[in-house]
Amino acid sequence: MGEWKFPNEGCLEKPNKMYYHTMTKKDVEERLKVNDIIIIPVGSTENHGNAGPMGEDTFIVTRIAEMVAAKTGCTIASPLWYGSHPFHHIGQPGTVPLPDDVFSAMIRAIISGYWNTGFRKQIFISMHGQEYIIPSAIQEWGKKYQVPALILFVDLPRVMGQTLMDKEHGGPFETPFQHADEAETSISLALFPEFCDMENAEDTTIKGYLPAGHVDRGGDIYGYPIPGHCQVGNVGIECITAPEGVLGKATKADPNKAKACIERACDYLLKLHNDILSVFPPGKLPDAKLISQRDPEEIEALLKGPTKGGKHIYTIAWPS
C-alpha cells in the first residue's frame, strides 16, 4: 500500500505538531476540524538485554505511529512508557511493571481525557503483549460512560502475522518470535539502530515444560490453543531462567528481516485510519441511539463539551 522509509529520526520532541504534547490549544482545535483520530502508543520499560534499549517496546510503536501520522495528518498521543507485565516477567532487573488495576485505570483515564478534548476516535497500538489488559480497560470504559466513541486496540504482532514468524512457518526469521530475540531486535535495528548495541548481543535457550503446540509463542501469532499469557507455571520466571533479558537468538538479528512486518503494520494502520474517516468524517460518531441508553439531552450536552454550553465527561463519573 504505502511507501515506507525507515529508519527515521524520532519526532517526540520535534515542533512538527505530530504529537499532542507539542500542540497548543489552538493547534488542537484546528486539528480536530480536519482529523479527529488519535493514535495512542502503549509501550513498556523492561529489560531487553545488552542489544536493545529499555524503552524498546515504546520506540517500536512511536516510530510506526510517526510514519502513519506523517501520511495521514492524524495526531499521536504521548506514549505510555510503562505497561502491564505477565507473571514470568516479574522480578527481572530493568523491568518496571505496573499493577494491572493501575494500568487499566490509566488507560481509562486517557480515553476519558482525549474524549473530553474532542479526540473521540482513538487507536491504541502495542507491540509489548498487553493484549489481555488493554481490551479489558476499553470495555470497562465503555460500560461506565456509554457515550458515542470509536475506541480500538491494534495488537501489532497479530497484524504482522506470518511476516513475524520463523522460516519453518513461512516467515523470514531463523527462530520463533519471542521477547528481545532475533525478530524483535531486527525490528529495533530497522526502526532505531541508534539505540541498539549489537556488539553485545546475547543468545539464550528457553523452553516451556509442556511439549510445543499447547502454549503459543510471543505475540500469539502461531495459533496454538493457549495464548502465551493464559498460563502461569509453564515457564520459569525470567530473572532466574533468562537473567540476560533475552528469550532467543538476538545475535541473529538483521534489519532487512524486519522490513516486511513493519511495512505490514504501517499498511494496516493506514487502511484503518482511512476507513474510519470514510465512515465517520471529522465530527461524526456512531449514532448515540444505537450504542447508549443515556438520556439524549445528556448525550448532546456531553458532545458539546463544557466550553460550548454543554458538560464535561467527568460529570458522569471519575475514571477510577
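About the thresholds
Residues numbered from 1 in each chain as written. Predicted model: local features only at pLDDT ≥ 70, side-chain atom pairs only at ≥ 80, totals over all residues. Heavy atoms only, no water. Helix = DSSP H or I, 4+ residues; strand = E, 2+ residues; numbered from the N terminus. Contact = heavy atoms within 4.5 Å. Expected span 1.5 Å × (residues − 1). Buried < 20%, exposed > 50% of the residue type's maximum accessible area, 1.4 Å probe, protein only. Phe/Tyr/Trp six-rings, centres within 6.5 Å; stacked < 30°, edge-to-face > 60°. Lys NZ or Arg CZ within 6 Å of the ring centre and 35° of its normal. Pairing = 2+ DSSP bridges. Right-handed = clockwise from strand over helix to strand, strands pointing away. Polar contact = N/O pair within 3.5 Å; in protein donor to acceptor, adjacent residues only side chain to side chain. Axes fitted to C-alpha atoms, helices over the stretch in contact; angles between N-to-C directions.

### Here's the deal with the environment of Ile60
Following the sequence through the fold, Ile60 ends up in helix α2 (residues 56-72). Sequence separation of Ile60 and Pro41 is 19 residues, and the distance between their C-alpha atoms is 9.0 Å. What Ile60 contacts, discounting residues up to four positions off in sequence, is Met127, Glu184, Ile187, Ser188, Leu191 and Phe192.

### Notes on helix α8 (residues 259-279)
Along its 21 residues, α8 runs 30 Å from first to last C-alpha, staying within 8% of the 30 Å computed at 1.5 Å per residue. Within α8, the full set of buried residues consists of Cys261, Ile262, Ala265, Cys266, Asp267, Leu269, Leu270, Leu272, His273, Ile276 and Leu277.

### Here we look at the environment of Lys167
Along the polypeptide, Lys167 turns up in the loop between α5 (156-160) and α6 (182-191). Taking C-alpha positions, Lys167 is 31 Å from Gly10, a pair spaced 157 residues apart along the chain. For Lys167, the residues in contact, after removing those within four places along its chain, are Pro172, Phe173 and Glu174.

### Focus on the packing of aromatic side chains
Taken as a whole and assessed by the stated rule, the structure comprises 10 aromatic pairs. A centroid spacing of 4.9 Å and a plane angle of 85° characterise the contact between Tyr20 and Tyr114, whose relative ring orientation is edge-to-face. Here the residue Tyr20 occupies a position in the segment before α1 (25-34), and Tyr114 occupies one in helix α3 (residues 100-117), the gap between them amounting to 94 residues. Above the face of the Trp4 ring, Lys71 is positioned so that its terminal group lies 5.0 Å from the ring centre. Note that Arg120 overlies the ring of Trp115, its terminal NZ or CZ placed 3.9 Å from the centroid.

### Quick look at the pairing of strand β4 (residues 150-155)
Across the 6 residues that make up β4, a large majority, 5, are buried. As paired elements, strand β3 (residues 121-126) and β4 share 6 bridges and run parallel to each other. In the strand pairing of β4, Phe124 is matched with Phe153. Each parallel crossover has a hand, and the one from β3 via helix α4 (residues 134-145) to β4 is right-handed.

### Structural notes on the side chain of His48
Inspection of the secondary structure puts His48 in the loop between β1 (37-42) and α2. By relative accessible area, His48 is classed as buried at 2%. At 3.3 Å, the side chain of His48 forms a polar contact with the backbone oxygen of Pro53. A polar side-chain atom of His48 sits 3.3 Å from a polar atom in the side chain of Glu184. In this structure His48 touches Pro53, Met54, Glu56, Asp57, His179, Ala180, Glu184, Gly245 and Val246, once residues within four positions along its chain are discounted.

### Considering α6
Among the 10 residues of α6, 10 are classified as buried, and the element is accordingly described as predominantly covered. Along α6, the residues classified as buried are Glu182, Ala183, Glu184, Thr185, Ser186, Ile187, Ser188, Leu189, Ala190 and Leu191. The inward-facing, buried residues of α6 contact α2, α5 and α8. Structurally, the start of α6 carries an N-cap: the backbone nitrogen of Ala183 is 3.3 Å from a side-chain oxygen of Asp181.

### Regarding the sheet that holds β3
The strand order β2-β1-β3-β4 describes an open sheet built from 4 strands, whose pairing is parallel. The outermost strands of the open sheet, each flanked by one partner alone, are β2 (75-76) and β4. With respect to the sheet, α4 is in contact with β1, β3 and β4, its orientation differing from that of β4 by roughly 175°.

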